[in-house]
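Here is how the chains run, residue by residue.
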Amino acid sequence: MTYTTLDQLTDRYGEGMLISLTDRGGVATGAVDLDTVTQAIADADAMIDGYLKGRYQLPLAEAPAQVSALSRAITIWNLHIYDAPEKIAADYKDAVRQLKDISQGVITLDVAGVEPKTSGSQGVLTTDRERPFTGQSLKGFI
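Residues numbered from 1 in each chain as written. Predicted model: local features only at pLDDT ≥ 70, side-chain atom pairs only at ≥ 80, totals over all residues. Heavy atoms only, no water.

(A) Looking closely at the overall build of the chain. The helix and strand tally for the chain stands at five helices and zero strands. For the chain, the C-alpha radius of gyration of 25 Å lies well beyond 14 Å, the compact-globule estimate for 142 residues. Across the 142 residues in the chain, those meeting the buried criterion constitute 32%. Long-range contacts, defined as pairs at least 24 residues apart, comprise 73% of the intrachain contacts of the chain with a sequence gap of at least 6. Put simply, the chain shows about 9,700 Å² of open surface, and 52% of that area lies on carbon and sulfur atoms. (Helix = DSSP H or I, 4+ residues; strand = E, 2+ residues; numbered from the N terminus. Rg over C-alpha atoms; globule rule 2.2 N^0.38 Å. Buried < 20%, exposed > 50% of the residue type's maximum accessible area, 1.4 Å probe, protein only. Contact = heavy atoms within 4.5 Å. Areas by Shrake-Rupley, 256 points an atom, 1.4 Å probe, with all protein chains shown as cover.)

(B) A look at the environment of Leu79. With respect to the element layout, Leu79 can be found in helix H4 (residues 65-79). As for Leu79 and Tyr13, which are separated by 66 residues in sequence, their C-alpha atoms are 12 Å apart. If sequence neighbours within four positions are ignored, Leu79 has contacts with Leu18, Leu21, Thr22, Arg24, Thr36, Val37 and Ala40.

Remember, this is a structural readout, not a statement about activity or role.
Right under this line is the structure:
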């Protein structure tokens, strides 16, 4: 399952931008190159999975809206073979920052049926044992 689709990319960035980024052949076709877009989406999803795998069970059954937005930002940045415009580069950097926060547990995804991995211990652990130093055992030192 992919986290974003060609239709979502077209809705967000427009068909003209996708054509200009993917129509790289010797003869311009004036159409979006599906293979190029599919590869960029796969690369973005692999990157996202790399950040999520330590905290969530993969593959995700359903992509949350936040993950889809991150995938779109990373995909459009991947499609730029030269310098990306400032806005797209900023969105990419923000997506990577959010992925780092997700991997560290700062941001939690609401994924149905998947519980984030946690350590077994939570809260404070105390022990009730006999005191090693008492007035009797320290007699002569106090």
